[in-house]
Amino acid sequence: MITGIHVSSSEMIINKDDGNKNSLPKFKKNQIINAKVLQLLPQGKAQLLVNGQKVVAKTALLLKPGEEVQLKVLEQKADIILKLMGPVQKMTARQVSSLVSFFSRNESIPDITGRKITSVKEILYDMALKSDKPDKTFLPKLIEKSGMIWEKKVARLILDNKSSSDIKTGLDILLKQDIKGNLLKELLMADPQKSDELKGAASFSKTIENFQLLNQQSSDSGRFLLPFPILNEGAFSFGQLLIDTGAKTKTNNKGDDKVIRISFLLDMTRLGPLRADFSILKKEITGRFLFKDDDTCKYVKSKICELTTRLAKSEYHVHQIECHTAEKEEIQHSSFVESLVRDRDDSVLSVVI
């Protein structure tokens, strides 16, 4: 289920036959180069300025015209493969603050866009965590439909289809299944004279993009933060899901068993703020719950045996699940965002579910 969570590939591909009519700059394997993004092109391509020469590269990265990027040459054969060495767009303090504010003002509202866009509401409903029954497809749907990998899906569609009619058909399907794509379509088709009506939709779209930038910035550490909708009595609020798949290293093998660490942070109607930290290795689970007061913690402790039994029926073996009264900073809305912004990677998911 975790496969494909990387917000976008960190690589660019330069092909000699792909709009690069002039001779290409000389590249050497492991060489570090600086490039400037000149413009974004159709079909998932971008024009770059490298060593004074213009080149066209295929990429699913979130590039911005005018910015400068640092790249490493991974391969220099028929195709030249370049890897991004740092975040394409460094998050500003204002962008980080906007993400914290998104959760801080998190109230249950029937329409997040403020314009009653039916298609957006339907996607939110499909992704939402619902209290009536467990949903094994929750995480795959969240990754696929939340807008976090929108550009990657579009790039894949373009690369896999040569016919413009096939691309159009595929794009129509993607727009119906991705919340960012749906919002961008609504904003593009809207009457400019009624822009005030779309402030909510534009703000939500920008929030999704800021989450993409945050995740792209932390992708090498294998940590990703996903906002997820919670449906309660016909209205939506948002929780936070922090996933740690482990940092990328040269010794990582695809067949190796990895500990996956998952943390939830959300406000529950009756129990108040909840944080849950879990570690999973195959079917082995350990973890903890954090609540704001002793009484709530005591109540949840009485339910842990029932939870352990339910997990056993799903063939999970629980080593230990604890419940503690949280320190204030552990359950603040900003705690996950701040942990990803910080350079160090030591505290957020040291305990596992």
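Below or above, wherever it landed, is the structure these notes cover. (Residues numbered from 1 in each chain as written. Predicted model: local features only at pLDDT ≥ 70, side-chain atom pairs only at ≥ 80, totals over all residues. Heavy atoms only, no water.)

With that settled, consider the overall build of the chain. Helix and strand content of the chain: 10 helices and 13 strands. Out of the 353 residues belonging to the chain, those deemed buried represent 44%. Partitioning the intrachain contacts of the chain with sequence separation of at least 6 by distance along the chain shows that 64% fall at a separation of at least 24. As displayed, the chain has an accessible area near 19,800 Å², and 50% of this comes from carbon and sulfur atoms. (Helix = DSSP H or I, 4+ residues; strand = E, 2+ residues; numbered from the N terminus. Buried < 20%, exposed > 50% of the residue type's maximum accessible area, 1.4 Å probe, protein only. Contact = heavy atoms within 4.5 Å. Areas by Shrake-Rupley, 256 points an atom, 1.4 Å probe, with all protein chains shown as cover.)

A word on the sheet that holds strand S4 (residues 53-59). A barrel is described by the order of its strands in space; here 6 strands give the closed sequence S1-S4-S3-S2-S5-S6, paired in antiparallel fashion. Across the sheet, the axes of successive neighbouring strands diverge by a mean angle of 45°, strand direction being ignored. (Pairing = 2+ DSSP bridges. Axes fitted to C-alpha atoms, helices over the stretch in contact; angles between N-to-C directions.)

Moving on, we get to the pairing of strand S10 (residues 260-268). Where strand S9 (residues 235-244) meets S10, 5 bridges bridge the pair, whose relative direction is antiparallel. By the bridge assignment for S10, Gln240 is matched with Leu265. Judged from the 9 bridges that link them, S10 and strand S11 (residues 272-281) form a sheet pairing that is antiparallel. Across the sheet, Ile260 pairs through a bridge with Ile280, a residue of S11. Counting the residues in the hairpin turn of S10 and S11 gives 3 residues.

For the rest of this paragraph, the subject is the packing of aromatic side chains. Following the criterion strictly, the structure yields 9 aromatic pairs and no others. For the pair Phe102 and Phe238, a centre-to-centre distance of 5.2 Å together with 55° between the ring planes defines the contact as tilted. Within this pair, whereas Phe102 is found in helix H1 (residues 93-104), its partner Phe238 is found in strand S9, the two being separated by 136 residues in sequence. Among the residues examined, Phe102 registers a relative accessible area of 8% and is labelled buried. By way of ring pairs, the aromatic residues Phe102, Phe103, Phe204, Phe211 and Phe238 are connected into one cluster. Above the ring of Tyr316, the side-chain terminus of Lys283 is found at 4.2 Å from the ring centroid. (Phe/Tyr/Trp six-rings, centres within 6.5 Å; stacked < 30°, edge-to-face > 60°. Lys NZ or Arg CZ within 6 Å of the ring centre and 35° of its normal.)

The bulk of non-glycine residues show a negative phi, and the bulk of peptide bonds are trans. Phi angles above zero are rare outside glycine, and Lys282 is one such case at about 55°. Looking at where Lys282 falls in the secondary structure, it is placed in the loop between S11 and strand S12 (284-291). Here Glu315, not a glycine, exhibits a phi torsion of approximately 70°, which is positive. According to the relative accessible area criterion, Glu315 is exposed, its value standing at 63%.

On to the nonpolar core. Within the largest apolar cluster, 62 residues are counted, with the highest numbers of intra-cluster contacts made by Ile179, Leu225, Leu226, Leu241 and Phe289. The leading source of residues in this core is helix H7 (residues 199-217), at 6 residues. The residues contacting Phe289, other than those within four sequence positions of it, are Leu274, Arg275, Ala276, Phe278, Val300, Leu307, Ile321, Glu322, Cys323 and His324. Ile33, Ala35, Val50 and Leu82 belong to the second-largest nonpolar core, a separate cluster that totals 20 residues. (Core = buried A, V, L, I, M, F, W, Y, C linked by side-chain atoms within 4.5 Å.)

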